Each structure stands twice: as structure tokens, then as C-alpha cells.
Amino acid sequence: MNSSEIRKLIISSLENETDNSIVTSELQESLSYDFSEGFEETVLERIFALEPVVKRQFEFDRSFNLAFYRIAFTGAAAIVILLISLFLKEGSLSFDSLLGVSDSYSESIICLLTGK
Amino acid sequence: MIKESYREVEDDILVKAALNGDKDAFGEIVSRYRKMVARTVKGMLGDSAFADDIGQEVFIKLYKSLPEFRGEAKLSTYIQKIAVNLTLNEIKRRKRFFSMFLQKGNNELHEFDIPDNGDEKRNDARETVNMALMALDPRFRIIVTMRMLQGYSTKETAEILDLPLGTVLSRLSRAQEQLKEILKKL
């Protein structure tokens, strides 16, 4: 397909005279866009040269994710154990028992805080 | 060069093999999608050596981001998004370069104007299409590239470009008008 035929084809598709899929397949066939010879080899060579760096990055990401999950799981487990022990000791999970002042009378706390 | 056994293999298997360091599997991915990437990159940047560099960057970025590919979208869509992003970044970089070193009267981006040499017969179809595309505003050029050169539907184009469907439709309509004018002048 030469230049003027391509032009006519595109214009006819823009004026809705030709189906878009026909234009696409004609354009793909006529224009045959591609990269230069040896493109794949160049890409693979560049990746191969980068591979140690990329692999280190993969491994770092994987280790970081693993470490994050371990820390998060340990933290959550510690909080649960703390709450259970608090419940067993104080008999409730109220705000006062969390602060450790559930056994104190309010007057004695004021006295303790103000010194009067 | 690339293992024949990979020719018929599906994309997700190739991705898994590439993640395990199989170079041939990644080579098959490059071989399978190089023309698709070339259409996007060359449609947007023109037929230049820069386009080859951007094409290489697309596949290098794909390799680096393979662990993040979860297979929710098709591999072709994922590659297309990378190609579009890198190409638009290159256009922005050029725009910055031009605005830094060249004083232009208007703010519209037209890196390539249509040459006024009517006496010179241009019978190369690719050159004609490239000239017409380069004369379009990049926002419209990407839509035309996706719809006309790649054959994506408007919905697929919106998904790849991360744009609302309405925006794609309105840009497509304006792009078609501009393209028609440009082609009639060529």
C-alpha cells in the first residue's frame, strides 16, 4: 500500500466509511513497525548485565517483606498475650485496668497526684 | 537463539519461568511483544534511534517489575502501560528540553511541524503516517496510536491510559478532526 492509498484509507475510516478494525490490520501490515535488528539480543544483554543488581533487589524485597510480616506477627502476638494476662489479673479490660489504676479510689489518686 | 519449546507457551508460564531466571522465557516475551511496543513507541516518537532505546527500556522495566505482576490484567496490557508511560515521559523530557533552549510563540506542543515541501513526492506510507501523527498534539497522538495502530477499543484505551472513558471519547473525536485536516494537507 502506498502513501496516497494509506491516506485515503485513514480519511475514510475517520469519516466512518471504513471499519476501524480493517484500517488497523491494513496499517499494521503496511507500516510493519518494528525495532532494529538484534533488538532482543541487546535487551537480554542489558538485562543480563543488570541481573546481579536486579536479583539483589528481588532478594532484598523478599527479605524485607518476610521481616515485616515476622515483626508484625510478633507484635500482634505480644499485644494479645498482654491483654489476656491483664484480663486474668484484673478481671476486665477496662481503661482503668489498662492503666493499672483499677484498684485505686479516685480520692487516693487525686491525693497521690496533688499531694494534698 | 530462543528455545523453540517456548513458542506455544502461554504468557503466565513464561512470566513464572522468567522470574526463576530463565533468560529464554524472557526472550520469548520480548520476541512476542516487540512489534506491539514498536507500534506504540514509534507511533508516538517517530521512527528514530531514540525509539529503539525506549523500546529497550520498556522491556528492562518489565523485567524489573515482573515480581509485581500478579496476572490480574493481561501481560500485553501491562507491557502496553509501561510503554505508554515511558513514551510519555520521553515526550515530557523533550518538551522541557525544547522549552529550555527554544523560545516558542505558543505553548502548544508540536515538536514536529509538517514540512512545507510539496514538490517532494513522499510515497512511503510509514513516513506519511509518522508525519501526520507527529503533527498531532501528544494527548491526541496517544489516543490515535492506541485506537488506530494498536486496534484497542475505546474502553481498553481508557484502561491502558488510566483515563475516564468520556475523556478518551472527547479526545478521540478532536484527534480525528485534527488528523483529517493534517492528512488532507499532506
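Residues numbered from 1 in each chain as written. Chains lettered and ligands numbered in written order. Predicted model: local features only at pLDDT ≥ 70, side-chain atom pairs only at ≥ 80, totals over all residues. Heavy atoms only, no water.

A short note on the pattern of salt bridges
Formally: A pair is scored as a salt bridge if a Lys or Arg side-chain nitrogen falls within 4 Å of a carboxyl oxygen belonging to Asp or Glu. Strands here are runs of E lasting at least two residues and helices are runs of H or I lasting at least four, both read from the DSSP assignment and numbered beginning at the N terminus. Summary of the burial criterion: residues with accessible area below 20% of their type's maximum are buried, those above 50% are exposed, and those between are partly exposed, where the area comes from a 1.4 Å probe applied to protein chains only.
This model, assessed by the stated rule, comprises 13 salt bridges over all chains. Across the pair Arg34(B) and Glu40(A) runs a salt bridge, and its minimum N-O distance is 3.1 Å. With Arg34(B) in helix H2 (residues 23-45) and Glu40(A) in helix H3 (residues 39-90), the pair connects residues from two separate chains. Neither residue differs from the other here; Arg34(B) and Glu40(A) are each classed as buried. Between Asp137(B) and Arg139(B) there is a salt bridge, and its shortest N-O distance comes to 3.4 Å. Accessibility expressed as a relative area gives 10% for Asp137(B), which makes it buried. Overall, Arg139(B) belongs to the partly exposed group, its relative accessible area being 40%. Through salt bridges that share partners, Arg7(B), Asp11(B), Glu28(B) and Arg32(B) make up one connected network.

Looking at the side chain of Lys42(B)
To keep things clear, this is the line we draw: The contact rule is simple, with two residues in contact once any of their heavy atoms fall within 4.5 Å.
Here Lys42(B) is to be found in helix H2. Discounting residues that sit within four places of it in the chain, Lys42(B) has contacts with Tyr33(A), Asp34(A), Phe35(A), Asp47(B), Ala51(B), Asp52(B), Asn130(B) and Met134(B).

Overview of the packing of aromatic side chains
The following threshold applies: Classification of ring pairs rests on two measures: the distance between centres of Phe, Tyr or Trp rings, Trp counted by its six-membered ring, which must be within 6.5 Å, and the angle between planes, read as stacked under 30 degrees, edge-to-face over 60 and tilted in between. Any Lys NZ or Arg CZ found within 6 Å of a ring centre and within 35 degrees of that ring's normal is scored as a charge over the ring.
Within the structure shown, the criterion is met by 6 aromatic pairs over all chains. Between Phe69(B) and Tyr78(B), the aromatic rings sit 4.9 Å apart at their centres with planes inclined by 50 degrees, giving tilted as the arrangement. One aromatic cluster in this structure is built from Phe35(A), Phe39(A) and Phe59(B). If you follow Arg139(B) out to its NZ or CZ, it ends over the ring of Phe140(B), 5.3 Å from the centre.

Details of the confidence of the model for chain A
Selection rule: How sure the predictor is of each residue is captured by pLDDT, a score from 0 to 100.
The predicted model of chain A has a mean per-residue pLDDT of 83, with 97% of residues at 70 or higher. The lowest-confidence element of chain A is helix H5 (residues 106-114) of chain A, averaging 76 in pLDDT; the highest-confidence one is H3(A), averaging 87.

Re helix H1 (residues 3-14) of chain A
The line we're drawing: Here, expected helix span is obtained from the residue count minus one, scaled by 1.5 Å.
The terminal C-alpha atoms of H1(A) lie 17 Å apart, and with 12 residues this matches the ideal 16 Å at 1.5 Å per residue to within 8%. Those residues of H1(A) that sit buried are Ser3(A), Ile6(A), Leu9(A), Ile10(A), Ile11(A), Ser12(A), Ser13(A) and Leu14(A).

Describing the environment of Leu62(B)
All names here are of chain B. With respect to the element layout, Leu62 can be found in helix H3 (residues 49-65). Taking the C-alpha atoms as reference points, Leu62 and Tyr78, 16 residues apart in sequence, are found 8.5 Å from one another. With sequence-adjacent residues up to four places away left out, Leu62 is seen in contact with Phe26, Ile29, Leu75, Tyr78, Ile79 and Ile82.

Overview of the confidence of the model for chain B
Residues and elements named next belong to chain B. With 85% of its residues at a pLDDT of 70 or more, chain B has an overall mean of 83. In this model residues 105-123 is a low-confidence stretch, pLDDT under 50, and it forms 29 contacts with partners more than four residues away in sequence or in other chains. ipTM for the predicted complex: 0.74, alongside a pTM of 0.69.

A word on the packing of H2(B) against H3(B)
Helix packing for two helices is described by the angle between their axes and how far apart those axes are. Residue and element names in this part refer to chain B. The line we're drawing: In this description, a line fitted to the C-alpha atoms serves as the axis of each element, helices being fitted only across the stretch in contact, and the angle between N-to-C directions of two axes falls anywhere from 0 to 180 degrees. Should an angle fall under 35 degrees it is taken as roughly parallel, and over 145 as roughly antiparallel, whereas 65 to 115 is taken as roughly perpendicular and any remaining angle as oblique. With the far helix as reference, a near helix turned anticlockwise by less than a right angle produces a left-handed crossing, and one turned clockwise produces a right-handed crossing. By the convention adopted, Pro, Cys, Tyr, Trp, Phe, Met, Ile, Leu, Val and Ala count as nonpolar, Lys, Arg, Asp and Glu as charged, and the other residues, Gly among them, as polar.
Direction vectors running N to C along H2 and H3 enclose 135 degrees, while the axes themselves pass 9 Å from each other. Judged on the interaxial angle alone, H3 and H2 are oblique. Between H2 and H3 the crossing geometry is right-handed. Facing H2, whose interface residues are Phe26, Ile29, Val30, Tyr33, Arg34, Val37, Val41, Lys42 and Leu45, H3 presents Ala51, Asp52, Ile54, Gly55, Val58, Phe59, Leu62 and Tyr63. Its residues placed into classes, the contact of H2 with H3 shows 13 nonpolar, 1 polar and 3 charged.

Concerning the interface of chain B and chain A
The cut-off we apply is this: Accessible area, probed at 1.4 Å, shrinks when two parts are joined; the buried area is that loss added up over both. Think of a polar contact as two N or O atoms within 3.5 Å of one another; within protein, one of them needs to be a possible hydrogen donor and the other a possible acceptor, and neighboring residues in sequence only count if both atoms come from side chains.
Taken together, the contact pairs 44 residues of chain B with 34 residues of chain A. Both sides together, the interface formed by chain B and chain A hides about 4000 Å², and carbon and sulfur atoms give 66% of it. In terms of surface lost to chain A, no three residues of chain B exceed Arg34(B), Tyr63(B) and Met148(B), which account for 18% of the buried area on that side. The interface formed by chain B and chain A includes 3 salt bridges. Asp34(A) is the partner of Arg34(B) in a salt bridge, and the nearest nitrogen-oxygen pair spans 2.9 Å. Where chain B meets chain A, there are 13 residue pairs in polar contact (both at pLDDT 80 or more). Looking at which element gives the most residues to the side of chain B that touches chain A, the answer is H2(B), with 12 residues. Split into classes, the residues belonging to the side of chain B that touches chain A amount to 19 nonpolar, 11 polar and 14 charged.

Brief notes about a nonpolar patch on the surface
All names here are of chain A. Our working definition: Patch members must show over 30% relative accessible area and no salt bridge, and they are joined within 9 Å when carrying like charges or within 5 Å when they are nonpolar side chains of Val, Leu, Ile, Met, Phe, Trp or Tyr. All accessible-area figures derive from a Shrake-Rupley calculation using a 1.4 Å probe, and residue coverage is judged against the displayed protein chains alone.
A cluster of nonpolar side chains, namely Ile79, Val80, Leu83, Ile84, Phe87, Leu88, Leu93, Phe95, Leu98 and Leu99, defines an oily patch on the protein surface of about 1000 Å² accessible area. Those elements that place two or more of their residues in the nonpolar patch are H3 and helix H4 (95-99). Topologically, Leu98 is positioned in helix H4. For Leu98, a relative accessible area of 47% corresponds to the partly exposed category.

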